[in-house]
Structures are given as C-alpha cells and as structure tokens.
Amino acid sequence: MAEYRKVFEGVAYTIIEDDEASIVFLEGKPIAASCIEHGNHVMFDINCPHVEKLLKKVFS
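Residues numbered from 1 in each chain as written. Predicted model: local features only at pLDDT ≥ 70, side-chain atom pairs only at ≥ 80, totals over all residues. Heavy atoms only, no water.

## A closer look at the sheet that holds strand S1 (residues 5-9)
Defined as follows: By this definition, two strands are paired if DSSP reports at least two bridges between them. Secondary structure elements follow DSSP: runs of H or I of four or more residues count as helices, runs of E of two or more count as strands, with numbering from the N terminus. Note on method: axes are straight lines fitted to C-alpha atoms, helices fitted across the in-contact stretch only, with angles between N-to-C directions ranging 0 to 180 degrees.
An order of S1-S2-S3-S4-S5 is seen for the 5 strands of this open sheet, with the pairing classed as antiparallel. A strand with exactly one partner marks an edge of an open sheet, and here the two such strands are S1 and strand S5 (39-42). Neighbour-to-neighbour, the strand axes of this sheet turn through a mean angle of 20°, independent of strand direction. In the sheet, strand S4 (residues 29-35) pairs with S5 via 4 bridges, with the strands oriented antiparallel. Paired with Ser34 across the strands is Asn40, a residue of S5.

Below is the structure:
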C-alpha cells in the first residue's frame, strides 16, 4: 500500500497527497480535494474512491 505525503504545511492549511489524490485541510478539516480520474471535488458531495482511500489513510 502506497503511503501519503505531506506536500505543504502552513499555519492553517495542510496539503496531503498520494499517487491518486490530494486533499487540502483547513485546521485539520478537509475542505477541497482532487483526483487523477475525476479532477476537482467538493468535499460535502464526495463520491470518489481515490479521495476516500486517501482520507482513510490519513485518519487511520
């Protein structure tokens, strides 16, 4: 299983990515995401296996 990496960590924002998706966190809460198959996603209406898999890696 591929690991995720922290691409950016600022005062309030963090960007996490793996080979299939990336997620932007604001104070620890995901606010935006994108994946290689579907492009950009709205976090409150997400139905993407790539982003869900990355979220499981981060929060497990």
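Alright, that's what it looks like, and here's the rest.
## Describing the nonpolar core
Cut-off, in case you're wondering: Working definition of a nonpolar core: buried Ala, Val, Leu, Ile, Met, Phe, Trp, Tyr and Cys residues. They are joined through side-chain atoms within 4.5 Å. Residue burial is assigned from relative accessible area. The probe radius is 1.4 Å, only protein chains are included, and a residue is buried under 20% of its type maximum, exposed over 50%, and partly exposed in between. Note on contacts: a residue pair qualifies if any of its non-hydrogen atoms lie within 4.5 Å across the two residues.
Counting 12 residues, the largest nonpolar core consists of Ile16, Ala21, Ile23, Phe25, Ala33, Cys35, Met43, Cys48, Val51, Leu54, Leu55 and Val58. Mapped onto this core, the elements with two or more residues apiece are strand S3 (21-26), S4 and helix H1 (49-59). With 4 residues, the top contributor of residues to this core is H1. Excluding anything up to four places from it in sequence, Val51 contacts Ala21, Ile23, Ala33, Ser34, Cys35, His41 and Ile46.

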